[in-house]
Amino acid sequence: MAFFPVAAVAAGLEVQPVTDGVWALVGEKEQRSADNLANNATFGVVVTNAGVVLVDAGGSWAGAAAIDAAIKGLTDQPVKLVINTGGQDHRWLGNGYWQAQGAQVIASDAAVADQHARVDVQMMGLTQFLGGALAGTAPVYATTMFETGYSFDLGGVTFEITHAGAGHTPGDAFVFVPAKDTVFTGDIVYVERILGVGEQSSILTWPEVFEAMAATGAAHVVPGHGHATDMNTARAQTYDYLLNLRAQVGALIEAGGDLGQAADVDQSGFAGLEQFDSLARKNAEMAFTQMEFE
């Protein structure tokens, strides 16, 4: 069995050690493609003496198999539980692979509702992005669901999952592992690249969801996109961006501005984030749409 004591690349994913028994599998920060198998996100791995907990399933059957290959380079333990932290395709469309391996899948009620609501659009998009690499992928949903919180132990390690409200997606949840001083945030946190505010997102509640996650005080933060980091970096690149966007768009609305002006609000303080040029203006327009009648 191979073992990755330092960052390495396996199955197209960068294997980043976080702390004892914890790794981040860091996928590309660009668009979904046949090369990345819709694994353009960050996934979490916790190895216990009773098996592996995987945070987020991968974006396709083949994407899940690539994650499995990376995990096999870390441990001989099987994946016992998979947590879907939200409704984006890379959080859950690998579920079928994992259930076929005998793993239990956990997600919030709101995440599963979001998955059902958007599955047709997601599968259509993945057909275009992945082509034949989408083979075997079919919608398979969590076998264990919860409303706001769910905890379990595996191998003497406690996992605490919290759905505190809508962020990037309606069912976003974070996973706190106290013994590892680590929180897996799903799409609540983006680092290194700008976050996306989509139709499914809530600019109104996302900052409060971030604060609920930050209240864990975790030393290690495994984000939904980008490398594992600390809470200060997560706050600077996600929370501060959201607050600036709300403030800038709010001021425009207060001044009687319209949607056509929203794209030009000042986001220059975050121009160093990857994909800024492609997403910042769209984010402002969506924020205006959501905030106009707040």
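Refer to the structure above for everything that follows.
One structure accompanies this document, and this report is about it. For clarity, every value in this text was computed on a predicted model and none was experimentally measured. (Residues numbered from 1 in each chain as written. Predicted model: local features only at pLDDT ≥ 70, side-chain atom pairs only at ≥ 80, totals over all residues. Heavy atoms only, no water.)

## A short note on the overall build of the chain
Within the chain one finds eight helices and 13 strands. Against the globule reference of 19 Å for 294 residues, the chain gives a C-alpha radius of gyration of 18 Å, in line with a compact fold. The buried share of the chain, reckoned over its 294 residues, is 57%. Considering only contacts in the chain between residues 6 or more positions apart, those separated by 24 or more positions represent 67%. Here the chain has roughly 11200 Å² of accessible surface; of this, 52% comes from carbon and sulfur atoms. With 12 positive and 33 negative side-chain charges, the chain shows a spacing of 4 Å between the two charge centroids. (Helix = DSSP H or I, 4+ residues; strand = E, 2+ residues; numbered from the N terminus. Rg over C-alpha atoms; globule rule 2.2 N^0.38 Å. Buried < 20%, exposed > 50% of the residue type's maximum accessible area, 1.4 Å probe, protein only. Contact = heavy atoms within 4.5 Å. Areas by Shrake-Rupley, 256 points an atom, 1.4 Å probe, with all protein chains shown as cover. Lys, Arg positive; Asp, Glu negative; His and termini not counted. Charge placed at Lys NZ, Arg CZ, Asp CG, Glu CD.)

## Considering the packing of aromatic side chains
For the structure shown, the criterion picks out nine aromatic pairs. Taken together, a centroid distance of 4.9 Å and an interplanar angle of 10° make the contact between Phe-152 and Phe-159 stacked. Through a chain of ring-to-ring contacts, the aromatic side chains of Phe-146, Tyr-150, Phe-152 and Phe-159 assemble into a single cluster. Sitting over the face of the ring of Tyr-239, Arg-235 holds its NZ or CZ atom 4.9 Å from the ring centroid. (Phe/Tyr/Trp six-rings, centres within 6.5 Å; stacked < 30°, edge-to-face > 60°. Lys NZ or Arg CZ within 6 Å of the ring centre and 35° of its normal.)

## A few points about the environment of Gln-31
Of note, Gln-31 is situated in the loop between β3 (22-26) and β4 (42-48). Excluding residues within four positions of it along the chain, Gln-31 makes contact with Asn-36, Asn-40 and Phe-129. Polar contacts involving the side chain of Gln-31 include one to the side chain of Arg-32, which spans 2.9 Å. (Polar contact = N/O pair within 3.5 Å; in protein donor to acceptor, adjacent residues only side chain to side chain.)

## A word on the pattern of salt bridges
Applying the stated rule across the entire model yields eleven salt bridges. Of the charged contacts, one joins Lys-180 and Asp-20 as a salt bridge, the two residues approaching to 4.0 Å between their closest N and O atoms. Of the two residues, Lys-180 sits in the loop between β11 (174-177) and β12 (182-190) while Asp-20 sits in the loop between β2 (13-19) and β3, which places them 160 residues apart along the sequence. Relative accessible area serves as the criterion here: at 61%, Asp-20 is assigned to the exposed category. (Salt bridge = Lys/Arg side-chain N within 4 Å of Asp/Glu carboxyl O.)

## Details of the pairing of β11
Residues Phe-174 and Phe-176 point to one face of β11 and Val-175 and Val-177 to the other, with burial holding for every one of them. Pairing of strand β10 (residues 157-162) with β11 involves three bridges; the strand directions are antiparallel. Directly across from Glu-160, in β11, lies its bridge partner Phe-176. Strand direction decides the pairing type here: β11 and β12, joined by three bridges, are antiparallel. Paired with Val-177 across the bridge in β12 is Thr-182. Hairpin connection, β11 to β12: the antiparallel pair is bridged by four residues, and Asp-181 has positive phi, about 50°. (Pairing = 2+ DSSP bridges.)

## A few points about the sheet that holds strand β13 (residues 220-225)
Taken in spatial order, the five strands make up an open sheet running β9-β10-β11-β12-β13, and their pairing is mixed. Taken across any chain shown, the strands that pair with only one partner, and hence form the sheet edges, are β9 (149-154) and β13. In this sheet, adjacent strand axes meet at a mean angle of 25° when their direction is disregarded. Examined bridge by bridge, β12 and β13 share five bridges and lie parallel to one another. Bridged to Thr-182 within β13 is His-220. Running over the sheet, helix α5 (residues 206-214) touches β11 and β12 and is turned about 170° from β12. (Axes fitted to C-alpha atoms, helices over the stretch in contact; angles between N-to-C directions.)

## As for α5
Residues lying three or four places apart along an α-helix face the same way, a consequence of the helix completing one turn every 3.6 residues. For α5, every residue scored as buried is listed here: Trp-206, Pro-207, Val-209, Phe-210, Met-213 and Ala-214. What you see down the axis of α5 is that its buried residues fit within an arc of 160°, all on one side. Lining the buried residues of α5 we find β11, β12 and α6 (231-254). (Arc of directions from axis to C-beta.)

## Let's talk about the nonpolar core
By size, the foremost hydrophobic cluster in this structure holds 38 residues, and its most contacted members are Val-183, Phe-210 and Leu-245. Among the secondary structure elements, those contributing two or more residues to this core are β11, β12, α5, α6 and α8 (276-291). When residues no more than four places from it in sequence are discounted, the contact partners of Leu-245 are Val-197, Ile-203, Gln-267, Asn-283, Ala-284 and Ala-287. By size, the runner-up hydrophobic cluster in this structure holds 26 residues, among which are Phe-43, Val-52, Ala-57 and Ala-70. (Core = buried A, V, L, I, M, F, W, Y, C linked by side-chain atoms within 4.5 Å.)

## As for the pairing of β3
Counted residue by residue, β3 has five buried out of five residues, so it is predominantly covered. Burial along β3 is two-sided: Val-22, Ala-24 and Val-26 facing one way and Trp-23 and Leu-25 facing the other are all buried. The turn linking β2 back onto β3 is made up of two residues, and Gly-21 within it adopts a positive phi angle of 80°. In the sheet, β3 pairs with β4 via five bridges, with the strands oriented antiparallel. Across the sheet, the residue bridging to Val-26 is Thr-42, located in β4.

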